[in-house]
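If you want the building blocks of each chain, they are given just below.
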Amino acid sequence: MFSYLTKDSKRHQPDLYNNVVGGLKNIYKTKILPLEEYYQFHDFHSPPLNDADFEAKPMILLVGQYSTGKTTFIKYLLEKEFPGIRIGPEPTTDRFIAVMYGEQENVIPGNALVVDPKRQFQPLSKFGNAFLNRFQSSVVDSEVLKSITIIDTPGILSGEKQRVDRGYEFTGVLEWFAERVDRIILLFDAHKLDISDEFRRSIEALRGHDDKIRIVLNKADMVDSQQLMRVYGALMWSLGKVLNTPEVARVYIGSFWDQPLNFDANRKLFEVEELDMFKDIQSLPKNAALRKLNDLIKRARLAKVHAYIISNLRNQMPSVFGKDSKKKELVKKLSTVYAEIEKEHGVPLGDFPDVKMMQEKLLQHEFDKFNTLRPKLLEAVDTMLREDITRIMSMIPKEQQEEQNQSPVQGGALTNLVDNPFGHGRGEGADAGSLQVDWVVEKDRFKFDAIFNRLNPVDGKITGAAAKSEMVKSKLPNTVLGKIWKLSDIDKDGQLDMDEFALAMHLLNVKLEGHELPSELPEHLIPPSKK
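The name given to the protein in an unreviewed UniProt entry is Achaete scute target 1, with the source organism recorded as Oedothorax gibbosus.

Pasting the structure below:
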């Protein structure tokens, strides 16, 4: 008796979630996935999500034409090379490389990656061996990669080169990654702003993810201030024709590598832009749950619209004769079908998938095998959007606070962003002497001593500001100078004695000669006074 009351109370009892990721996994499997499967969503749009998609670290996707500095950008960020790295003016990266964290550095081929249930790449198997042979993971022991994963992509071709068939659906792979990454960085070379046909198609494949896109105008030190102004204007004009968005994506201007700047008149600009870029990267773990929630909501809305489209096409099919001609007619007037659905169900046109893409994929299906509208599946998604999402959103501020209390993305060029006296306003005024610097090497000591004496030492020491001014003349990027500053271990008062200044200048020369700086000061370079 009154059993229906018990059933009803169970039906309306809200689900309880321990955390945001657990809640998202639950509502996807129980409320969105059934709708997707019933209306063949995965054949038209995106493979089903698995647990690894929800649990994965934040990912950054780098996209750009060849020789725009994508691979060099990763090396600059990590401050180390990764297995499989190749850098050159020609198209050197011919594969997708997932740069991930691991204590044992190695390369994992694509076919092994897509069968690993602990990684989020299993759905990529649908692109076949032609793609998997050009997909790999480079495992690197880097502090940066403990918090994020970076996806390097093949250099997009231009001119005659773009006619070469890659052997797999390049833009389809980009779409797959775009749905799952937290940030998409489009890199442009200050000397190569033309957008090739393949690059245009690649950018179009990223539409719908405008909130994730950031633009980097790289190698900006290769032009002077006046040219840079014109290059920036030309870039914005080109992007405006391709992105077709009312708001322009954020553009970062700089030279993201560890070599001397050619024109360093814009050093301050590059410094501020780099700081903004790195802060954006550091914010990714904190905002990862919100990004996954946002992407799931977009996916749920698309799944609903897809259900309306499929059921509408099924209802218009004849029962016996004329199926082929009717199918062709419906595909041809698909935009009219969209308008009917918009009017009947109140769905915004912005939620509909691209007409051309749907027309191409609909031709591969038999409409009479589609399912008709099943209200309960749609009601489950509506309830999820109205109730479950609200509860999960209320959990996000607490998780963001917990994430903020933990260390942000650290390591590589991201280490001590604020405490770098060669940029971002530190090492001057109230912050003067907040770091320790210096070095001592007897070789070529007479040259360094001559410079030291020219800087007006007082009681055998020069100020940190004077040393900084001298080091900036090297035209090395601020991150490299900051590393030298850190390695040199300057006294707490921010002043340098003759030995310390000689050590810093020696390190500058080591870098200018093309050598890598050590991660720690080796024994033979430590000043005798500090041993």
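**Q** Even after reading the chapter, I still don't get the overall build of the protein, so can you show me in this structure?
**A** What the protein contains, in helices and strands, is 20 helices and 10 strands. Taken across its 531 residues, the protein has 50% of its residues classed as buried. Within the protein, residue pairs in contact and separated by at least 24 positions form 82% of the contacts whose partners lie at least 6 positions apart. Carbon and sulfur atoms provide 50% of the accessible area of the protein, an area that totals close to 25600 Å².

**Q** Where do I start with the nonpolar core in this structure?
**A** General note: in soluble globular proteins, nonpolar side chains tend to be found buried as a group. Phe96, Phe121, Leu124, Phe177, Leu186, Phe188 and Leu217 are the most contacted members of the largest nonpolar core, which has 51 residues in total. Apart from the residues within four sequence positions on either side, Leu217 is in contact with Phe188, Asp189, Ala190, Leu193, Leu228, Val231, Tyr232, Leu235, Val251, Tyr252, Ile253 and Gly254. Core analysis: the second largest hydrophobic core is formed by 44 residues, Phe44, Phe370, Leu378 and Ile396 among them.

**Q** Hey, could you run me through helix α13 (residues 323–332) in this one?
**A** Every α-helix winds through 3.6 residues per turn, so residues three or four apart in the chain are directed the same way. Those residues of α13 that fall on the buried side of the exposure criterion are Lys326, Lys327, Leu330 and Val331. The buried residues of α13 occupy an angular sector of 135° when the element is viewed end-on, so they sit on one face. α13 presents Asp324, Lys328 and Lys332 as exposed residues on the side facing more than 90 degrees away from its buried surface. Elements in contact with the buried residues of α13: α12 (284–315), α14 (334–345) and α15 (355–362).

**Q** Quick question: what am I supposed to make of the sheet that holds strand β5 (residues 149–152) here?
**A** Within a beta sheet, neighbouring strands are joined by backbone hydrogen bonds and run either parallel or antiparallel to one another. Strand order across the open sheet formed by 8 strands is β3-β4-β2-β5-β1-β6-β7-β8, with mixed pairing between neighbours. The sheet is open, and its two borders are formed by β3 (106–109) and β8 (250–253), each paired with just one other strand. Mean inter-strand twist for the sheet, computed between neighbouring axes without regard to direction, equals 25°. Note that strand β2 (residues 96–101) and β5 share 3 bridges and pair antiparallel. The residue of β5 that forms the bridge with Val99 is Ile150. The strands touched by helix α5 (residues 70–78) are β1 (59–64), β2, β5 and β6 (183–189); relative to β5, the strand with the most contacts, the crossing angle is about 160°. Sheet strands touched by helix α11 (residues 267–282): β1, β6, β7 (213–218) and β8. Its angle to β8, the strand with the most contacts, is close to 130°.

**Q** Before we go on, may I ask you to explain the packing of aromatic side chains in this structure?
**A** Under the counting rule described, the total for this entry stands at 20 aromatic pairs. Arranged with centres 6.4 Å apart and planes meeting at 35°, the rings of Tyr76 and Phe278 form a pair that is tilted. Placement of Tyr76 in helix α5 and of Phe278 in helix α11 is noted, with a sequence separation of 202 residues between them. One exposure class covers both Tyr76 and Phe278, and it is buried. Considering the side-chain rings of Phe96 and Phe170, the 5.8 Å spacing of their centres and the 45° angle between planes classify their relative orientation as tilted. Highlighted residues: Phe96 in strand β2 and Phe170 in helix α8 (residues 170–180), separated in sequence by 74 residues. Assigned by exposure class, Phe96 and Phe170 land together as buried. In this structure an aromatic cluster arises from ring pairing among Phe96, Phe121, Phe127, Phe131, Phe135, Tyr168, Phe170, Trp176 and Phe177.

**Q** Can you help me understand the pairing of β1 in this one?
**A** Looking along a regular strand, one sees the side chains alternate between the two faces of the sheet. Burial analysis of β1 places 6 of its 6 residues in the buried class, which makes it a mostly covered element. Of the two faces of β1, both are covered, the one formed by Met59, Leu61 and Val63 as well as the one formed by Ile60, Leu62 and Gly64. Looking at chain direction, β1 and β5 are connected through 3 bridges and run parallel. Counterpart to Met59 in the pairing with β5 is Thr149. In this structure, β1 lies alongside β6, joined through 5 bridges in parallel fashion. If you follow Ile60 over to β6, its bridge partner there is Arg183.

**Q** So what exactly am I meant to see when it comes to helix α19 (residues 478–488) here?
**A** Counting buried residues in α19 gives 9 out of 11 residues, a clear majority hidden from the surface. For α19, every residue scored as buried is listed here: Asn478, Thr479, Val480, Leu481, Gly482, Ile484, Trp485, Leu487 and Ser488. Close packing links the buried residues of α19 with α5, α11, α18 (464–472) and α20 (498–512).

**Q** Sorry if this is basic, but what is going on with the confidence of the model for the protein here?
**A** Close inspection of predicted coordinates is inappropriate for parts of the model with low pLDDT. Across the protein, the average pLDDT comes to 83, with 85% of residues at or above 70. The element-level mean pLDDT for the protein is lowest in helix α1 (residues 3–12), coming to 42, with β5 highest at 95. Of the regions scoring below 50 in pLDDT, residues 425–440 engages in 64 contacts with residues more than four places distant in sequence or in other chains.

**Q** Looking at this structure, I do not really get the packing of α5 against α11. What am I missing?
**A** Between two packed helices, the angle of one axis relative to the other and the distance separating the axes together describe the packing. Their axes nearest at 13 Å, the elements α5 and α11 cross at an angle of 80°. When the axis of α5 is compared with that of α11, the two are roughly perpendicular. Contacts between α5 and α11 involve Phe73, Tyr76 and Leu77 from the former and Glu274, Met277, Phe278 and Ile281 from the latter. Looking at the contact of α5 with α11, its residues break down into 6 nonpolar, no polar and 1 charged.

The rules behind the values
- Residues numbered from 1 in each chain as written.
- Predicted model: local features only at pLDDT ≥ 70, side-chain atom pairs only at ≥ 80, totals over all residues.
- Heavy atoms only, no water.
- Helix = DSSP H or I, 4+ residues; strand = E, 2+ residues; numbered from the N terminus.
- Buried < 20%, exposed > 50% of the residue type's maximum accessible area, 1.4 Å probe, protein only.
- Contact = heavy atoms within 4.5 Å.
- Areas by Shrake-Rupley, 256 points an atom, 1.4 Å probe, with all protein chains shown as cover.
- Core = buried A, V, L, I, M, F, W, Y, C linked by side-chain atoms within 4.5 Å.
- Arc of directions from axis to C-beta.
- Pairing = 2+ DSSP bridges.
- Axes fitted to C-alpha atoms, helices over the stretch in contact; angles between N-to-C directions.
- Phe/Tyr/Trp six-rings, centres within 6.5 Å; stacked < 30°, edge-to-face > 60°.
- pLDDT = per-residue confidence, 0-100.
- Parallel < 35°, antiparallel > 145°, perpendicular 65-115°, else oblique.
- Nonpolar A, V, L, I, M, F, W, Y, C, P; charged D, E, K, R; others polar.

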